[in-house]
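Observations on the model geometry
One-letter residues, chain by chain:
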Amino acid sequence: MHKQKIAIVTGGGSGIGLAIAEKFIREDIHTIIVGRDAGKLGAAAEKLGALCQAITFDLNNFAEIPALVSRIIDQHGKIDILVNNAGINMKKAFTEVTDGDFQSILQTNVTAVFVLSREVVKSMLQNGVKGSIINISSMASRYGIPKVIAYTAAKSAIEGMTRAMATELSPEGIRINCIAPGFIATDMSAKALDSDPERKAKALGRTPMGALGQPSDIGDAAAFLASDAAKYITGVVLPVDGGNAIGF
Ligand code: NAD
């Protein structure tokens, strides 16, 4: 088995995913960024250098996910780390959310995470890899936020799935953990907060550290959870939020 670790980071072309990929590469991990936007991914891969590989792929295309994972295994022989970071948000009044809106958030934020994790776990079991899977949830699963019903349902599901996967897979040496980012400065949060100064003031007002987090703060936490330094940690949801989850 080759010594170099192989990681997949979904949504690795921007925001938090890009910061996680950047940190992994600094730690000498071969990092495959998977996302929908070829332009964004290409620019990220160029910035990240030779240890980064970009694969343009829409994770809603469930039927093709097994082939995607096989392709990566054919090329690299194993996958050590999976970060399920890709996600979409939708801010809409409860009664205006259509069936299709709800399904589409659940599809990307939950079902795609399940399908990709299942395929990667199969490969870890087949190759005897003591792997690490990191899911990304949100403050929306810690407390109630109005106008994000589907996103909240999805992120709450992620935390439950983290625990269920951890109990089943940890005996096989595969650790499953989750990071719950607080309010982190990315395009996604800018869209949600810059259009709503009241919400931004509220988010910052209950964050004891008094500022938005940086994507690299999540990158650092992901690198820790993926590393041997976290070898006895599984099934946790780690808030990385400047204290937002316990803020008054
Ligand atoms: P972002 O919009 O910059 O990144 C999301 C990435 O996911 C994008 O690169 C996008 O192309 C990719 N993606 C979305 N749907 C996809 C699909 N079907 N197939 C492939 N790729 C897809 O947002 P971000 O802020 O970096 O968010 C990353 C993760 O962190 C998300 O899961 C988000 O819910 C979570 N999160 C963010 C914050 C925050 O404050 N920014 C807070 C809590 C949780």
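A few points on the structure.

Thresholds, definitions, all that
- Residues numbered from 1 in each chain as written.
- Predicted model: local features only at pLDDT ≥ 70, side-chain atom pairs only at ≥ 80, totals over all residues.
- Heavy atoms only, no water.
- Helix = DSSP H or I, 4+ residues; strand = E, 2+ residues; numbered from the N terminus.
- Rg over C-alpha atoms; globule rule 2.2 N^0.38 Å.
- Buried < 20%, exposed > 50% of the residue type's maximum accessible area, 1.4 Å probe, protein only.
- Contact = heavy atoms within 4.5 Å.
- Areas by Shrake-Rupley, 256 points an atom, 1.4 Å probe, with all protein chains shown as cover.
- Lys, Arg positive; Asp, Glu negative; His and termini not counted.
- Charge placed at Lys NZ, Arg CZ, Asp CG, Glu CD.
- Near = heavy atom within 4 Å.
- Polar contact = N/O pair within 3.5 Å; in protein donor to acceptor, adjacent residues only side chain to side chain.
- Nonpolar A, V, L, I, M, F, W, Y, C, P; charged D, E, K, R; others polar.
- Pairing = 2+ DSSP bridges.
- Axes fitted to C-alpha atoms, helices over the stretch in contact; angles between N-to-C directions.
- Arc of directions from axis to C-beta.
- Phe/Tyr/Trp six-rings, centres within 6.5 Å; stacked < 30°, edge-to-face > 60°.
- Lys NZ or Arg CZ within 6 Å of the ring centre and 35° of its normal.

Observations concerning the overall build of the chain
Secondary structure summary: the chain contains eight helices and seven strands in total. Against the compact-globule benchmark of 18 Å for 248 residues, the chain has a radius of gyration of 17 Å, which places it among compact chains. Judged by the C-alpha coordinates and their principal axes, the chain covers about 55 × 40 × 35 Å. Counting the 248 residues in the chain, one finds 51% classified as buried. Partitioning the intrachain contacts of the chain with sequence separation of at least 6 by distance along the chain shows that 72% fall at a separation of at least 24. Summed over all atoms, the accessible surface of the chain reaches about 11700 Å², with 55% contributed by carbon and sulfur. Distance from the positive charge centre (25 side chains) to the negative charge centre (24 side chains) of the chain: 3 Å.

Focus: the site of the ligand
Taken together, 28 residues sit near the ligand, with Ser14, Ile16, Asn85, Tyr151 and Thr186 positioned nearest. Measuring from a nitrogen atom of the ligand, one finds a backbone N or O atom of Leu59 at 2.9 Å. Between the ligand and the protein, one listed contact pairs an oxygen atom with a backbone N or O atom of Asn85 at 2.8 Å. Residues that form the shell around the ligand fall into these classes: eleven nonpolar, 13 polar and four charged.

Section: the side chain of His76
Within the secondary structure, His76 sits in helix α3 (residues 65-76). The exposure class assigned to His76 is buried, which follows from its relative accessible area of 12%. Polar side-chain contacts of His76 include one of 2.8 Å to the side chain of Gln53.

A short note on the sheet that holds strand β6 (residues 175-181)
The sheet built from seven strands is open, its strands ordered β3-β2-β1-β4-β5-β6-β7 with parallel pairing. What marks the edges here is a single partner per strand, and that holds for β3 (52-56) and β7 (237-240). Neighbour-to-neighbour, the strand axes of the sheet open up by a mean angle of 20 degrees, direction not taken into account. By the bridge criterion, three bridges tie strand β1 (residues 6-10) to strand β4 (residues 81-84) in an arrangement that is parallel. For Ile8, the partnering residue across the bridge sits in β4 and is Leu82. Here helix α5 (residues 149-169) sits on the sheet in contact with β5 (132-136), β6 and β7, set at roughly 160 degrees to β6. Across the face of the sheet, helix α8 (residues 215-226) comes into contact with β4, β5, β6 and β7 while running at roughly 165 degrees to β6.

Digging into helix α6 (residues 187-194)
Inspection of α6 places Ser189, Ala192 and Leu193 among the buried residues, and these make up the whole buried set. Taken end-on, α6 shows its buried residues confined to a sector of 85 degrees, consistent with a single buried face. Exposed residues lying more than 90 degrees from the buried face of α6 are Asp187 and Lys191. Summarising the contacts, the buried residues of α6 are in contact with α7 (197-205). At the N-terminal end of α6, a side-chain oxygen is found 3.2 Å from the backbone nitrogen of Met188, two or three residues along, and the residue is Thr186.

Some details on the packing of aromatic side chains
Any aromatic ring pair is given by two values, namely how distant the centres are and how the planes are angled relative to each other. Inspection of every chain in the model, using the stated rule, returns zero aromatic pairs. Taking NZ or CZ as reference, Arg206 lies 3.9 Å from the ring centre of Tyr143, over its face.

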